[in-house]
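Architecture at a glance
What follows is each chain in one-letter form.
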Amino acid sequence: QVQLVESGGGLVQAGGSLRLSCAASGRVFDNYYIGWFRQAPGKEREFVVAIRWTRGVTRYADSVLGRFTISRGDAKNTVYLQMNSLKPEDTAVYYCAAGFVIDPGNYKNYVYWGQGTQVTVSS
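Here goes a summary of the coordinates provided. Values in this document were obtained by computation on a predicted structure and should not be read as measured data. (Residues numbered from 1 in each chain as written. Predicted model: local features only at pLDDT ≥ 70, side-chain atom pairs only at ≥ 80, totals over all residues. Heavy atoms only, no water.)

Another aspect to go through is the overall build of the protein chain. Within the protein chain, the secondary structure is distributed over zero helices and 11 strands. In sequence order, the secondary structure elements of the protein chain are arranged as β-β-β-β-β-β-β-β-β-β-β. A globule of 123 residues ought to have a C-alpha radius of gyration of about 14 Å, and the protein chain, at 13 Å, matches this closely. Along the three orthogonal principal directions, the C-alpha set of the protein chain runs to about 40 × 30 × 25 Å. Per-residue burial over the protein chain gives 43% buried out of 123 residues. Considering only residue pairs separated by 6 or more positions, the protein chain has 56% of its internal contacts joining residues 24 or more positions apart. (Helix = DSSP H or I, 4+ residues; strand = E, 2+ residues; numbered from the N terminus. Rg over C-alpha atoms; globule rule 2.2 N^0.38 Å. Buried < 20%, exposed > 50% of the residue type's maximum accessible area, 1.4 Å probe, protein only. Contact = heavy atoms within 4.5 Å.)

Turning our eyes to something else, we now look at the environment of glutamate 46. Looking at the secondary structure, you find glutamate 46 in strand E5 (residues 46–52). Of the residues examined, glutamate 46 reaches a relative accessible area of 33% and is grouped as partly exposed. As a C-alpha pair, glutamate 46 and tyrosine 95 span 49 residues in sequence and 9.8 Å in three-dimensional space. Ignoring any residue separated from it by four or fewer positions in sequence, one finds glutamate 46 in contact with Trp36, Phe37, Arg38 and Ser63.

Right, let's talk about the packing of aromatic side chains for a bit. Counted according to the given criterion, the structure contains six aromatic pairs. Measuring from ring centre to ring centre gives 5.6 Å for phenylalanine 37 and phenylalanine 47, while their planes differ by 65°; the resulting arrangement is edge-to-face. Of the two residues, phenylalanine 37 sits in strand E4 (residues 33–39) while phenylalanine 47 sits in strand E5, which places them 10 residues apart along the sequence. Each of the two residues, phenylalanine 37 as well as phenylalanine 47, counts as buried. One aromatic cluster in this structure is built from Phe37, Phe47, Tyr95, Tyr110 and Trp113. For arginine 45, the ring lying beneath its charged end belongs to tyrosine 95, and the centroid distance is 4.0 Å. (Phe/Tyr/Trp six-rings, centres within 6.5 Å; stacked < 30°, edge-to-face > 60°. Lys NZ or Arg CZ within 6 Å of the ring centre and 35° of its normal.)

This part takes up the sheet that holds strand E8 (residues 78–83). A sheet is described by the order of its strands in space; here four strands give the open sequence E1-E3-E8-E7, paired in antiparallel fashion. Unpaired on one side and paired on the other, strand E1 (2–7) and strand E7 (68–72) mark the two borders of the sheet. Geometrically, the sheet is characterised by an average inter-axis angle of 15° between neighbouring strands, direction not taken into account. With six bridges connecting them, strand E3 (residues 18–26) and E8 associate as antiparallel partners. By the bridge assignment, cysteine 22 is partnered in E8 with valine 79. (Pairing = 2+ DSSP bridges. Axes fitted to C-alpha atoms, helices over the stretch in contact; angles between N-to-C directions.)

With that out of the way, let us pick up the state of the cysteines. Taken as a whole and judged by the stated rule, the model has one disulfide. Here cysteine 22 is linked by a disulfide to cysteine 96, with a sulfur-sulfur distance of 2.1 Å. Note on the cysteine 22 and cysteine 96 pair: the S-S dihedral is about 65°, so by sign convention the disulfide is right-handed. Placement of cysteine 22 in strand E3 and of cysteine 96 in strand E9 (residues 92–99) is noted, with a sequence separation of 74 residues between them. On the accessibility criterion, cysteine 22 (2% relative accessible area) is buried. With relative accessibility at 0%, the residue cysteine 96 sits in the buried group. (Disulfide = S-S within 2.5 Å.)

Structure (structure tokens):
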């Protein structure tokens, strides 16, 4: 079992920055991916970025490439999502997820999920 807890969401003006954290506990296997997804009201859950737990291989959605950066903490049990140049269309609940997946961009492949953290970007 893996438990995930997100934090760091909030309200920010367009052009601003936020850093989200995903703290993992339990058995996180070396070949797991940690992914960030987001879901806006009335929309399907959308892939943002993912990182392979040990190798650090990353994959970004085109919509956030160059603005968002995923990284692993020194303690190796936390993943961060640095979000810069935020836009109103980034407004959503952001979730982190974990699992052994073949396609890290498909939310249906992930087994473990956090409770989500709200990000609101005002124009």
